[in-house]
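# Observations on the model geometry
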Amino acid sequence: MSDCVFCKIVTGQMPSTRVFEDEHSLAFMDIGQVNPGHVLVAVKKHADNLYALDGAQAAAVARASVRVARAIRDAFKPEGLSVYQANGKAAGQTVFHYHVHLLPRHAGDGMELTWPVKNPPREMLEDYAAKIRAGLGKPIG
Ligand code: AMP
Ligand code: ZN
């Protein structure tokens, strides 16, 4: 995608500070650094979001995330680490090229996510689950 910031980072047309790459994924420092050590793991080939991934891309980002997360843990000794990934504007996505945030966390660091639980009855969970199972289709390629 010619006007995609992360595609430009992958090709080197835009600067980035890289920490890891393999055939399908690239990990680089998030320019905003919500906390020190904040890394993004992105797919190399453009995909808008999670829905657009193939199996090789999904596996590569998952494997890279584990490896880079361990390195962040060892380098920055955070109290915790959040994995954050947004799909669509309503979910908070601002760069529409699939990526995962690896965000070191500390008590009182100001990073907040509200979690407005509904605790519906079991029948409702069964109903929701049936709808999802009906749409699973084939395993991703
Ligand atoms: P999201 O809101 O999940 O789409 O996250 C996009 C992230 O990309 C933000 O945390 C930005 O700070 C980060 N970002 C945007 N442009 C760049 C860039 N040129 N280099 C590194 N990180 C970037
Ligand atoms: Zn892109």
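The preceding data block contains the structure.
Residues numbered from 1 in each chain as written. Chains lettered and ligands numbered in written order. Predicted model: local features only at pLDDT ≥ 70, side-chain atom pairs only at ≥ 80, totals over all residues. Heavy atoms only, no water.

### Observations regarding the pattern of salt bridges
- The final tally for this structure, using the stated rule, is 5 salt bridges.
- Between Asp74 and Arg73 there is a salt bridge, with its nearest N and O atoms 3.0 Å apart.
- Owing to a relative accessible area of 46%, Arg73 belongs among the partly exposed residues under this scheme.
- Taken together, the shared-partner salt bridges in this structure form one network comprising Arg18, Glu21 and Lys44. (Salt bridge = Lys/Arg side-chain N within 4 Å of Asp/Glu carboxyl O. Buried < 20%, exposed > 50% of the residue type's maximum accessible area, 1.4 Å probe, protein only.)

### Some details on the coordination of the zinc ion (ligand 2)
- Taken together, the protein donors to the zinc ion (ligand 2) comprise Cys4 (SG), Cys7 (SG), His46 (ND1) and His97 (ND1), at separations of 2.1 to 2.3 Å.
- Between the 4 donor atoms coordinating the zinc ion (ligand 2), the angles at the centre fall across 104 to 118°, so the site counts as tetrahedral.
- Residue classification places His97 among the buried residues on the basis of a relative accessible area of 0%. (Donors = N, O, S within 2.8 Å, 3.2 Å for Na, K, Ca; no water. Tetrahedral: all angles 85-135°; square planar, octahedral: opposite > 155°, others 65-115°.)

### With respect to the site of ligand 1
- Near ligand 1 lie 16 residues; those nearest to it are Asp30, Thr94, Val95, His99 and His101.
- Ile31 places a polar main-chain atom, nitrogen or oxygen, 3.1 Å from a nitrogen atom of ligand 1.
- Take His101: an N or O atom from its side chain is 2.8 Å from an oxygen atom of ligand 1.
- Protein coverage of the free-state accessible area of ligand 1, which is 500 Å², stands at 81%.
- According to the grid-proximity analysis, the pocket containing ligand 1 is the largest pocket. (Near = heavy atom within 4 Å. Polar contact = N/O pair within 3.5 Å; in protein donor to acceptor, adjacent residues only side chain to side chain. Areas by Shrake-Rupley, 256 points an atom, 1.4 Å probe, with all protein chains shown as cover. 1 Å grid on protein atoms, 1.4 Å probe; cavity = no way out; pocket = protein on both sides within 12 Å on 5 of 7 lines; lining within 4 Å. Sits in = over half its atoms within 2 Å of the grid points.)

### Structural notes on the layout of surface pockets
- Considering only enclosed or pocket space, the largest pocket measures out at about 460 Å³ in volume.
- Lining of the largest pocket is provided by 24 residues; of these, Phe6, Met29, Asp30, Ile31 and Leu40 occupy positions nearest its centre.
- When residues of the lining of the largest pocket are traced back to their parent elements, those giving at least two are α1 (5–11), β2 (25–29) and β5 (99–105).
- For the lining of the largest pocket, the residue count by class is 15 nonpolar, 8 polar and 1 charged. (Points joined across faces, edges and corners; volume = space filled by probe spheres on them. Helix = DSSP H or I, 4+ residues; strand = E, 2+ residues; numbered from the N terminus. Nonpolar A, V, L, I, M, F, W, Y, C, P; charged D, E, K, R; others polar.)

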